[in-house]
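Commentary on secondary and tertiary structure
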Amino acid sequence: MTLTQSLILGTGSYAPSHILTNQDLEKIIDTSDAWIVERTGIRERHIAAEGETTSDMAVEAAKKALAMAETDPAELDMIIVATISPDMPMPSCAVFVQAKLGATRAFAFDISAACAGSLYGLSIADQFIRSGQAKRVLVIGAELLSRVINWNDRTTCVLFGDAAGAFVVGPSNDPARGLMSAHLHSDGAAANMLTIPGGGSKYPQSEDVIAKQMHKVAMNGREVYKFALRVLPDAILEALAAHGLKPGAIDHLVTHQANVRIIESVVDRLGVPREKCWLNIERYGNTSSASLPISLDEANREGRLKPGDLVAMMAIGGGMAWGSALMRW
Ligand code: UT7
């Protein structure tokens, strides 16, 4: 059986209209625009409207990706939503997306791999496409983080934003184009660096859990930072080595955006010119699983990504979970 590699056929993204600037944050917590910009590169982030849900944002991003891919929702075989901030603990965010899109044929599920979720989703989609079990897969990263962060914790609340990004994956009809490989990793020994500890089976929802804000994001930023710098360059080198390539072959680096200093350090270590990396963190903050597909969509719609270009992707987040992928666009 000939296996057909998969290609991203369409991309889309969505961010709520309300923008919260660093100056706005200065008025509610002990922080400064100068600190946030210097330490992270973030200037503003989008915040969802009251009543807006993660699946609402996911659907907006998905509609744009489906339109670009000229795919009707009814043609979808599978919907994967990567999120750590779903509408509800159960059922999945993906089934709400399925219903809102009218994607009646698709089966739908969420994956939990934090900021690496969309990359994990791309790899899962690829397996179904290659094996012939699916022809059209919708992968979405959607996060409504403003509802799961502790607005009194300045070490986290300045970092995150709400948004969604999506892509449609299908078989490539050109053997010179498509996903070459994805390389996924996890290290549960580092799980406590970045958590939402409360609300699950270990610390079920209770007044105590809420009083201690254990249902909100807790992060040891410095440790996550060091971990990211240790594993991300290797993740890209691993992907390149699998195809006998060197960093000089990369045309575009599209990455999860958590901190501009992390991205620039990785890019510099690899010797990839910084202008080959799409940067948008100053406008969105860290949108976790949404950030990679949003970056892909923006670079794509700007016309940066030309057919046949070598696109390297990387992401890392809570778990720790991380990985890389190489695609001939
Ligand atoms: O999405 C994937 C997962 N997340 C990440 O990849 C995030 C990785 N980590 C980071 O990006 C950085 O570690 C942070 C941006 C979170 C923090 O930057 P840092 O340079 O590592 O700062 P720090 O945690 O070492 O804190 C330095 C100082 C501290 O004060 P002292 O102890 O030196 O007096 C903090 O209390 O900055 C203080 N600080 C702040 N000051 C003003 C921490 N947060 C703030 C704040 N405003 N919002």
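Structure's up top.
With that out of the way, let us pick up the overall build of the protein chain. Counting its secondary structure elements, the protein chain contains 11 helices and 13 strands. Relative to the 2.2 N^0.38 estimate, which gives 20 Å for 329 residues, the radius of gyration of the protein chain is 19 Å and therefore close to what a compact globule would have. Structurally, the protein chain occupies a C-alpha span of about 55 × 45 × 35 Å along its principal axes. Here the protein chain, with 329 residues, has 55% of them falling under the buried criterion. Considering only contacts in the protein chain between residues 6 or more positions apart, those separated by 24 or more positions represent 76%. Carbon and sulfur atoms provide 52% of the accessible area of the protein chain, an area that totals close to 13,800 Å². Taken as two groups, the 30 positive and 36 negative side-chain charges of the protein chain have centres that lie 4 Å from each other.

Now for the site of the ligand. Near the ligand there are 23 residues, and of these Thr31, Arg39, Arg222, Asn259 and Asn286 occur at the shortest range. Contact between the ligand and Arg39: an oxygen atom at 2.8 Å from a side-chain N or O atom of the residue. One of the side-chain N or O atoms of Arg222 is found 2.6 Å from an oxygen atom in the ligand. Contributing elements (two or more residues each) for the shell around the ligand: α2 (33-40), α6 (154-157), α8 (221-241) and α9 (260-270). In terms of residue class, the shell around the ligand is made up of 11 nonpolar, seven polar and five charged. Three or more residues apiece are contributed to the shell around the ligand by two domains, here domain 1 (6-175) and domain 2 (179-328).

In the contact formed by α8 and α9, the axes pass within 10 Å of each other and the chain directions differ by 40°. Relative to α9, the element α8 is oriented oblique. Crossing geometry of α8 relative to α9 is assigned as right-handed. Residue-level inspection shows Tyr225, Ala228, Leu229, Leu232, Pro233, Ile236 and Leu237 of α8 in contact with α9, the latter providing Arg261, Ile262, Ser265, Val266, Arg269 and Leu270. Residue composition of the contact of α8 with α9, grouped by class: 10 nonpolar, one polar and two charged.

Core analysis: the biggest nonpolar cluster contains 46 residues, and Phe227, Ile236, Ile316 and Met320 have the highest contact counts within it. For this core, the secondary-structure elements that each account for two or more residues are α8, α9, β12 (310-317) and β13 (321-328). In terms of residues, this core owes the most to one element, α8, which gives 11 residues. The residue makeup of this core includes at least three contributed by each of domain 1 (6-175) and domain 2 (179-328). Dropping the residues within four chain positions of it, Ile236 is found in contact with Ile250, Leu253, Leu270, Ala312, Met313, Met314 and Ser324.

A few words on the pattern of salt bridges. For the coordinates displayed, the defined rule picks out 12 salt bridges. Between Arg154 and Asp30 there is a salt bridge, and its shortest N-O distance comes to 3.5 Å. Residue Arg154 is found in helix α6, and its partner Asp30 is found in the loop between α1 (22-26) and α2; the two are separated by 124 residues along the sequence. With its nearest N and O atoms 3.1 Å apart, the salt bridge here joins Glu223 to Lys226. Residue Glu223 and its partner Lys226 are located together in helix α8, separated by three residues, close to a single helical turn. Judged by its relative accessible area of 30%, Glu223 falls in the partly exposed class.

All right, on to the side chain of His256 then. In this structure, His256 sits in the loop between β11 (252-255) and α9. For His256, the side chain forms a polar contact with the side chain of Ser291, separated by 2.6 Å. If we skip the residues at most four places from it in the chain, His256 touches Cys115, Ile263, Asn286, Ser288, Ser291, Leu292, Met314, Ala315 and Ile316.

Our next topic: the packing of aromatic side chains. The full count for this structure, using the stated rule, is three aromatic pairs. Ring plane angle 10° and centroid distance 6.2 Å describe the contact between Phe107 and Phe109, whose orientation is recorded as stacked. Taking the centre distance of 6.0 Å and the plane angle of 55° together, the rings of Phe107 and Phe128 count as tilted. You can see Phe107 sitting in strand β5 (residues 107-111) and its partner Phe128 sitting in helix α5 (residues 117-130), a full 21 residues away along the chain. Phe107 gets classed as partly exposed once you look at its relative accessible area, which sits at 40%. Taken together, the ring pairs in this structure connect Phe107, Phe109 and Phe128 into an aromatic cluster. The positively charged end of Arg230 is found above the aromatic ring belonging to Phe227, 4.7 Å away from the centroid.

What counts and how
- Residues numbered from 1 in each chain as written.
- Predicted model: local features only at pLDDT ≥ 70, side-chain atom pairs only at ≥ 80, totals over all residues.
- Heavy atoms only, no water.
- Helix = DSSP H or I, 4+ residues; strand = E, 2+ residues; numbered from the N terminus.
- Rg over C-alpha atoms; globule rule 2.2 N^0.38 Å.
- Buried < 20%, exposed > 50% of the residue type's maximum accessible area, 1.4 Å probe, protein only.
- Contact = heavy atoms within 4.5 Å.
- Areas by Shrake-Rupley, 256 points an atom, 1.4 Å probe, with all protein chains shown as cover.
- Lys, Arg positive; Asp, Glu negative; His and termini not counted.
- Charge placed at Lys NZ, Arg CZ, Asp CG, Glu CD.
- Near = heavy atom within 4 Å.
- Polar contact = N/O pair within 3.5 Å; in protein donor to acceptor, adjacent residues only side chain to side chain.
- Nonpolar A, V, L, I, M, F, W, Y, C, P; charged D, E, K, R; others polar.
- Domains from an automatic or database assignment.
- Axes fitted to C-alpha atoms, helices over the stretch in contact; angles between N-to-C directions.
- Parallel < 35°, antiparallel > 145°, perpendicular 65-115°, else oblique.
- Left-handed = near helix turned anticlockwise from the far one by under 90°.
- Core = buried A, V, L, I, M, F, W, Y, C linked by side-chain atoms within 4.5 Å.
- Salt bridge = Lys/Arg side-chain N within 4 Å of Asp/Glu carboxyl O.
- Phe/Tyr/Trp six-rings, centres within 6.5 Å; stacked < 30°, edge-to-face > 60°.
- Lys NZ or Arg CZ within 6 Å of the ring centre and 35° of its normal.

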